[in-house]
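# Architecture and fold: a report
Residues per chain are reported as follows:
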Amino acid sequence: MIFLKTEDEIELLRQSNLLVGKTLAEIAKIIKPGVTTKELDKVAEEFIRDNGAVPTFKGFPNPNGNPFPASVCTSVNEQVVHGIPGEVVLKDGDIVSVDCGTYMNGFCGDSAYTFCVGEVDEEVRRLLKVTKEALYIGIENAVQGKRLGDIGYAIQQHCEANNYGVVREFVGHGIGKEMHEDPQVPNYGKRGYGSLLKNGLCIAIEPMITLGDRHVVMERDGWTVRTKDRKCAAHFEHTIAVRAGKADILSSFQFIEEVLGEQAI
């Protein structure tokens, strides 16, 4: 069942999503070599709760019913998504995708940003740049009258033209009162296929793109997804509302990029 949102509901979604952007900016302030992913999680959870919200990821069950133990996902280097924060120490040259969700005033926020740790190899920085570009190219196609396949097609074409892999097993999603609602939003597809995009549809678009082969495997923890060939992966995500003419981006990278300055991707 696809739920279209009212204007009031979209504004509540925007509040939750802007808080995600501000939370990721708090994380941006402390990301450097020597910091553990557990420290990133602690900063995020405190900031979310201090702002009257709840971290949606904490306790969220996987298909086996095992609850996610943290407030953000921290996926380092070859980890694509759903990495569990812990004692992993970030090193110079690492990249880390931080995916964050909030629940406030009855609605969810969801956004992700892949950060560079210190001096990152130019080949990997380019992967991040193209993945972020693909996110915005996908968003350009998230307008009333187009179809879901148009979003996936645009993302896939941009990434594969740059010889990157497009992960198939994990996709974007509808969002609202629940973090994961219909429809699924793949990062691949055919133009003109899939559900018709209507005004008020709110979705999270999140390209997950690999430096090498697109194939992924699940780690033994039942959460962490990594590339099969162990090459790096990048992940950027925005929550948007479909509109006529131009999508309304409800989340924001502005707060993050104000912190990162010239180091932003």
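The structure we're discussing is the one just above.
Below is a short write-up of the structure. Just so you know, these numbers come straight off a predicted model, no measurement behind them. (Residues numbered from 1 in each chain as written. Predicted model: local features only at pLDDT ≥ 70, side-chain atom pairs only at ≥ 80, totals over all residues. Heavy atoms only, no water.)

### Examining the environment of Arg-168
The following threshold applies: Strands are runs of DSSP state E lasting at least two residues, helices are runs of H or I lasting at least four, and both sets are numbered from the N terminus onward. Think of it in three bands: with a 1.4 Å probe and only protein chains considered, a residue is buried below 20% of the maximum accessible area for its type, exposed above 50%, and partly exposed in between. The contact criterion used is simple: two residues touch if any of their non-hydrogen atoms lie within 4.5 Å. By the criterion applied in these results, polar contacts are pairs of N or O atoms within 3.5 Å in which, for protein atoms, one can donate a hydrogen and the other can accept it, and in which residues neighboring in sequence qualify only through two side-chain atoms.
Tracing the chain through its elements places Arg-168 in the loop between strand S6 (165–166) and strand S7 (172–174). For Arg-168, a relative accessible area of 23% gives the class partly exposed. With 20 residues separating them in the primary sequence, Arg-168 and Tyr-188 have C-alpha atoms 7.4 Å apart. In contact with Arg-168, other than residues within four places in its own chain, are Gln-156, Glu-160, Tyr-188 and Arg-214. Polar side-chain contacts of Arg-168 include one of 2.7 Å to the backbone oxygen of Val-166.

### Describing the pairing of strand S9 (residues 202–205)
For clarity, the cut-off: Two strands form a pair only when DSSP identifies at least two bridges running between them.
Neither face of S9 is open: one carries Cys-202 and Ala-204, the other Ile-203 and Ile-205, and all of them are buried. Two strands pair when backbone bridges link them, and S7 and S9 are joined in this way by 2 bridges, in the antiparallel orientation. Residue pairing across strands places His-173 opposite Ala-204, the latter belonging to S9.

### A few points about the packing of helix H3 (residues 122–140) against helix H4 (residues 148–161)
Test applied: Axis definition: a line fit to C-alpha positions, over the contact stretch in the case of helices; interaxial angles, taken between N-to-C directions, run 0 to 180 degrees. For classification, angles of less than 35 degrees are called roughly parallel, those exceeding 145 degrees roughly antiparallel, those between 65 and 115 degrees roughly perpendicular, and all remaining angles oblique. Throughout, a crossing is termed right-handed when the near helix is turned clockwise from the far one, and left-handed when it is turned anticlockwise from it by less than a right angle. In the scheme used here, Gly and all other residues not listed as nonpolar or charged are polar, with Ala, Val, Leu, Ile, Met, Phe, Trp, Tyr, Cys and Pro taken as nonpolar and Asp, Glu, Lys and Arg as charged.
Between H3 and H4, the shortest axis-to-axis distance is 8 Å and the interhelical angle comes to 155 degrees. In terms of orientation, H3 and H4 fall into the roughly antiparallel class. The handedness of the crossing between H3 and H4 is right-handed. On H4, the residues that touch Val-130, Glu-133, Ala-134, Ile-137 and Gly-138 of H3 are Ile-151, Ala-154, Ile-155, His-158 and Cys-159. Here the residues of the contact of H3 with H4 are counted per class, giving 7 nonpolar, 2 polar and 1 charged.

### A short note on the packing of aromatic side chains
For clarity, the threshold we go by: Think of it this way: a Phe, Tyr or Trp ring, Trp meaning its six-membered ring, pairs with another when their centres are within 6.5 Å, and the plane angle makes it stacked under 30 degrees, edge-to-face over 60, tilted otherwise.
All chains considered together, the criterion is met by 6 aromatic pairs. Plain terms: the ring middles of Tyr-113 and Phe-236 are 5.0 Å apart, the flat faces sit at 80 degrees to each other, and that makes the pair edge-to-face. Taken together, the residues span a long stretch of sequence, with Tyr-113 in strand S5 (residues 107–116) and Phe-236 in the loop between strand S13 (233–235) and strand S14 (238–241) at a distance of 123 residues. Tyr-113 sits in the buried class, given a relative accessible area of 0%. Each member of the aromatic cluster is reached from another via a ring pair, and the members are Tyr-113, Phe-115, Tyr-136, Phe-236 and Phe-253.

### Thoughts on the sheet that holds strand S11 (residues 216–218)
In a beta sheet, neighbouring strands pair by backbone hydrogen bonds and run either parallel or antiparallel. An order of S3-S12-S11 is seen for the 3 strands of this open sheet, with the pairing classed as antiparallel. Single-partner strands in this sheet number two, and they are strand S3 (79–81) and S11. Adjacent strand axes in the sheet meet at a mean angle of 40 degrees when their direction is disregarded. Note that S11 and strand S12 (residues 225–227) share 3 bridges and pair antiparallel. Paired with Val-216 across the bridge in S12 is Thr-227.

### Digging into the pairing of strand S4 (residues 95–104)
In terms of burial, S4 is a largely internal element, 9 of the 10 residues being buried. In this structure, strand S1 (residues 54–55) lies alongside S4, joined through 2 bridges in antiparallel fashion. Counterpart to Pro-55 in the pairing with S4 is Thr-102. In this sheet, S4 lies alongside strand S2 (residues 72–76) in antiparallel orientation, the contact comprising 5 bridges. Across the sheet, residue Cys-73 finds its bridge partner in S4, namely Asp-99. Strand direction decides the pairing type here: S4 and S5, joined by 10 bridges, are antiparallel. The partner of Tyr-103 across the bridge, within S5, is Cys-108.

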